[in-house]
Amino acid sequence: MRTIFLRPYQLSDAEQLLQLNVKNQLHFEYWMPVKPQANAYTLKKQQERIEQMMENSLADRSYAFGVFLTENNQLIGDVSAVFVERFPAETCMIGYQLDREHNGKGIMAEAVRQAARILFETHQFHRLRAEVMPENIGSIRVLEKVGFRREGLAKKSLYINGAWEDFILFAL
């Protein structure tokens with residue numbers, strides 16, 4: 001039996017999403033180029049965020065999946081697909097985050113594997129992309145376990161935490 005399952009967010013997930021983000025705020029924000037405003041950490045803002053995710057999914061702009069533990073339905077992370085490009089590219093970029101408490105257990109590799117299956121089979125993408133800072137060894141391992149291949153290095157590609165950062169480019 002699988003230890004996790006993915007599904008699109010529902011409004012009923014707002015409380016768990018808030019708890020996940022508050023608990024992991026420093027961990028998650030470290031990797032974000034644009035940090036959430038302080039008022040993002042409220043139940044109302046999480047509900048609005050989920051409504052936006054649902055709207056984006058219906059409009060084929062982006063997709064967001066909660067990662068839940070099978071044993072108790074606890075939300076422990078998410079996998080998202082953004083920068084959706086349709087014909088002729090049929091591609092998107094994936095991103096993911098996991099409750100720090102669950103890092104190093106192979107959970108995110110399984111979550112990305114499940115998300116890739118959904119994105120290829122249900123949403124008919126031809127190619128998935130990911131970009132990772134070279135220092136993020138855990139994330140690189142996730143992508144390699146799933147079968148993503150390194151395609152290059154984007155030098156000084158994105159401004160994060162006060163510096164222009166390089167990103168390793170991956171695709172599946």
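Above: the structure in question.
Here the structure is a predicted model, which is why all the values come from computation and not from measurement.

Engineer: What exactly am I supposed to notice about the packing of helix H1 (residues 14-23) against helix H3 (residues 43-58) here?
Structural biologist: Helix-helix packing: each pair is described by the crossing angle between the helix axes and the interaxial distance. One can describe the packing of H1 onto H3 by two numbers: an axis separation of 9 Å at closest approach and a directional angle of 110 degrees. With respect to each other, H1 and H3 are oriented roughly perpendicular. For H1 against H3, the interelement crossing comes out right-handed. When H1 is examined against H3, the residues Ala14, Glu15, Leu17, Leu18 and Asn21 are found in contact with a partner set consisting of Leu43, Gln46, Gln47, Arg49, Ile50 and Met53. Split by residue class, the contact of H1 with H3 holds six nonpolar, three polar and two charged.

Engineer: Sorry, what's going on with the side chain of Gln46 here?
Structural biologist: As for its placement among the helices and strands, Gln46 is situated in helix H3. At 2.7 Å, the side chain of Gln46 forms a polar contact with the backbone oxygen of Ala40. Apart from the residues within four sequence positions on either side, Gln46 is in contact with Ala14, Leu17, Leu18, Asn21 and Ala40.

Engineer: Help me understand the pairing of strand E3 (residues 75-85) in this model?
Structural biologist: Two faces, one strand: in a regular strand the side chains alternate between the faces of the sheet. Pairing analysis gives six bridges linking strand E2 (residues 63-69) to E3, with the strands arranged antiparallel. Note on E3: the bridge partner recorded for Gly66 is Asp78. The turn linking E2 back onto E3 is made up of five residues, and Asn73 within it adopts a positive phi angle of 60 degrees. Taken together, E3 and the strand that follows it, strand E4 (residues 91-98), pair antiparallel across an intervening segment of five residues, in which Glu90 is found at a positive phi of about 50 degrees.

Engineer: Help me understand the environment of Ser62, please; the structure alone is not making it clear to me.
Structural biologist: Tracing the chain through its elements places Ser62 in the loop between H3 and E2. With near-sequence residues (within four places) excluded, Ser62 lies in contact with Asn56, Ser57, Ala81, Val82 and Val84. Polar side-chain contacts of Ser62 include one of 3.5 Å to the side chain of Asn56.

Engineer: Even after reading the chapter, I still don't get the sheet that holds strand E6 (residues 149-160), so can you show me in this structure?
Structural biologist: Strand pairs in the sheet, formed through backbone hydrogen bonds, run parallel or antiparallel to each other. An order of E1-E2-E3-E4-E5-E7-E6 is seen for the seven strands of this open sheet, with the pairing classed as mixed. Looking along the sheet, the strands with just one partner apiece sit at the ends: strand E1 (4-8) and E6. Pairwise comparison of adjacent strand axes, ignoring direction, gives a mean angle of 30 degrees for this sheet. The pairing of E1 with E2 spans five bridges and is antiparallel. Counted as the bridge partner of Arg7 is Gly66 from E2.

Engineer: Mind showing me how you'd approach unusual backbone geometry here?
Structural biologist: Excluding glycine, a negative phi dihedral is what most residues carry, and trans is how most peptide bonds are arranged. Phe87 connects to Pro88 through a cis peptide bond whose omega is 10 degrees. Within the secondary structure, Pro88 sits in the loop between E3 and E4. One non-glycine residue, Asp60, lies in positive phi territory at about 60 degrees. On the accessibility criterion, Asp60 (24% relative accessible area) is partly exposed. Here the phi dihedral of Asn161 falls at roughly 55 degrees; this positive angle occurs in a residue that is not glycine. Examined against the element boundaries, Asn161 turns out to sit in the loop between E6 and strand E7 (163-171).

Engineer: Help me understand the packing of aromatic side chains in this model?
Structural biologist: When we look at a pair of aromatic rings, we describe it by the centre distance and by the angle of the planes. Per the stated rule, a full pass over the model turns up three aromatic pairs. Ring geometry for Tyr63 and Phe125: centres 6.4 Å apart, planes at 85 degrees, overall edge-to-face. Of this pair, Tyr63 sits in strand E2 while Phe125 is found in the loop between helix H4 (107-121) and strand E5 (127-132), placing the two residues 62 residues apart along the sequence. Judged on exposure class, the residue Tyr63 and its partner Phe125 are both buried. In this arrangement the basic side chain of Arg86 is found over the ring face of Phe125, its NZ or CZ atom lying 4.1 Å from the centre.

What counts as what
- Residues numbered from 1 in each chain as written.
- Predicted model: local features only at pLDDT ≥ 70, side-chain atom pairs only at ≥ 80, totals over all residues.
- Heavy atoms only, no water.
- Axes fitted to C-alpha atoms, helices over the stretch in contact; angles between N-to-C directions.
- Helix = DSSP H or I, 4+ residues; strand = E, 2+ residues; numbered from the N terminus.
- Parallel < 35°, antiparallel > 145°, perpendicular 65-115°, else oblique.
- Left-handed = near helix turned anticlockwise from the far one by under 90°.
- Contact = heavy atoms within 4.5 Å.
- Nonpolar A, V, L, I, M, F, W, Y, C, P; charged D, E, K, R; others polar.
- Polar contact = N/O pair within 3.5 Å; in protein donor to acceptor, adjacent residues only side chain to side chain.
- Pairing = 2+ DSSP bridges.
- Buried < 20%, exposed > 50% of the residue type's maximum accessible area, 1.4 Å probe, protein only.
- Phe/Tyr/Trp six-rings, centres within 6.5 Å; stacked < 30°, edge-to-face > 60°.
- Lys NZ or Arg CZ within 6 Å of the ring centre and 35° of its normal.

Take it as geometry only, folks, not as evidence of what the structure does.
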